[in-house]
Structures are given as C-alpha cells and as structure tokens.
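Structural description and commentary
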Amino acid sequence: MRTRTALALVLGLGVAGGVAGATLPVARLLGRADSGWQEIPWPFPRDAWPAGRAFRCGSDACGGDVAVYVRPKLGFCNCATGVSGDSEVDAVSDLDMMSEDFVPIRVGEPVTVAGMAGRTRSYTLRFADGRSEPATGLAISRRCDVVVAASQGQGAGSNEAKASIARLLGSDRVLPWLTALLGKG
C-alpha cells in the first residue's frame, strides 16, 4: 500500500519541468515518500509567523545535500487566485531568512503538491562572505492560506531534490501536520 501511495504522490505532484521532466530511478521514486529526510531543529529566529519544521537530506536521496524549511502562513494568500506569480514566490517563500541576497535564476514553474497548487522557483543565494549556493522557493495555497518551503544546499536546485521535497510535503510525516494547521474543508 505504501508503494502505491508513494507512486500516486509522485504521479500527482505535477511539477512542470521538475518531476515531470526528471529521470529519477524508479526504485527511488517508489521508496518511502519521505526517505532520506531527517528532521532538524528550526534554525531561524522568531518572526511574525510560527516556526515551521526543518529537514535535511543527503546526496544519496536528494542528489546533493539539501535543507528544507516548511511552514504555513495562515491568511497570507490571495483567496481568489492563490499563488499565481513568481513575485509572490519571491515575497513569501522565506528565502530571506537564509540570505537577504537571493537572485532568481529562471522563471518559476507551476506545481501541485498534496492537492495544493502554487509555484516553485530556483534561485542563487549570495552570502556576505562571498559564498553562493542554489536554493528553491515553493509556495502552494489552500483557500486563503499558503504553505511555503525554502530549500538550500548543493543539490537544492536539482530536479531530484525538487521531487524529493514535494514527496516530503505530501508524506505521512508532514501532510497531517500541515492539514491540522490549515484546518479542514
């Protein structure tokens, strides 16, 4: 049953140019939906939104070391249109918590995760010490609420990492938590 659930998640994600165009090993796609991800402490200081959940994934499962930070922002989405443009992903996806200097590297793509539609976009994070690294911002909505996921790390921009992040968000470890916070209906 878990294999069918994982396969349904993979097939239902609809990451244009991401999962759909990725050539991932079938065995990896059919594995546990959240395999490779270890929960880590939320690393960011308190702000206007509640702390979320943070996860780290290694090269074997995600194509490179990746950290992802997930949290809902209740009442922070356009109730009529949801997340419909790249400027919204830029504004809400929490990339500014990692670095205030984040630069989009391409136009975003539509994404559907766990029945919620939105957009994902790839970035380069630039740090004060001169380092830079790939990052991805994802924002999906349900009614007037948005769920954001920001990832960073060597593999953060890869199709494999994007697919793995989408599977994590739709997994038994994360989806019930999100559903409880977003409410029913």
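Note: the structure precedes this text.
Here goes a summary of the coordinates provided. Predicted model, so just to flag it, every value in this text is computed and none were measured. (Residues numbered from 1 in each chain as written. Predicted model: local features only at pLDDT ≥ 70, side-chain atom pairs only at ≥ 80, totals over all residues. Heavy atoms only, no water.)

Scanning all chains against the criterion turns up one cavity of 30 Å³ or more. Looking at the largest cavity, its volume works out to about 80 Å³. In terms of lining residues, the largest cavity is bounded by 12 residues, among which Thr120, Thr136, Leu138, Lys162 and Ile165 are the most central. Elements that contribute at least two residues to the lining of the largest cavity include exactly strand 7 (132-142), strand 8 (145-152) and helix 5 (159-169). Its residues placed into classes, the lining of the largest cavity shows eight nonpolar, three polar and one charged. (1 Å grid on protein atoms, 1.4 Å probe; cavity = no way out; pocket = protein on both sides within 12 Å on 5 of 7 lines; lining within 4 Å. Points joined across faces, edges and corners; volume = space filled by probe spheres on them. Helix = DSSP H or I, 4+ residues; strand = E, 2+ residues; numbered from the N terminus. Nonpolar A, V, L, I, M, F, W, Y, C, P; charged D, E, K, R; others polar.)

Right, let's talk about the pattern of salt bridges for a bit. Two side chains bearing opposite charge may form a pair once their charged atoms approach each other closely. According to the stated counting rule, one finds nine salt bridges in the structure shown. Linking Asp94 and Arg71 is a salt bridge whose minimum nitrogen-to-oxygen distance equals 2.7 Å. Residue Asp94 is located in the loop between helix 4 (86-92) and strand 4 (101-104), and its partner Arg71 is located in strand 3 (residues 66-73); the two are separated by 23 residues in the primary sequence. Of the two residues, Asp94 and Arg71, neither departs from the other in class, the shared state being buried. (Salt bridge = Lys/Arg side-chain N within 4 Å of Asp/Glu carboxyl O. Buried < 20%, exposed > 50% of the residue type's maximum accessible area, 1.4 Å probe, protein only.)

With that settled, consider the nonpolar core. By size, the foremost hydrophobic cluster in this structure holds 24 residues, and its most contacted members are Trp37, Val66, Val68, Val70, Ile140, Val147 and Leu169. Elements with a minimum of two residues in this core: strand 2 (53-57), helix 3 (59-62), strand 3, strand 5 (109-113), strand 7, strand 8, helix 5 and helix 6 (175-182). Those residues in contact with Val147, other than ones at most four positions away along the chain, are Val70, Arg71, Pro72, Met116, Leu138, Ala139, Ile140, Leu178 and Leu182. The next biggest cluster of nonpolar side chains, apart from the first, holds 19 residues, and it includes Ala54, Val83, Leu95 and Ala135. (Core = buried A, V, L, I, M, F, W, Y, C linked by side-chain atoms within 4.5 Å. Contact = heavy atoms within 4.5 Å.)

What follows concerns the state of the cysteines. Applying the stated rule across the entire model yields two disulfides. Disulfide partner of Cys57: Cys62, at an S-S distance of 2.0 Å. An S-S torsion of about 95° defines the bridge between Cys57 and Cys62 as right-handed. Cys62 gets classed as buried once you look at its relative accessible area, which sits at 0%. Across a sulfur-sulfur distance of 1.7 Å, Cys79 and Cys144 are joined as a disulfide pair. An S-S torsion of about 130° defines the bridge between Cys79 and Cys144 as right-handed. Of this pair, Cys79 sits in the loop between strand 3 and helix 4 while Cys144 sits in the loop between strand 7 and strand 8, and the two are 65 residues apart along the sequence. (Disulfide = S-S within 2.5 Å.)

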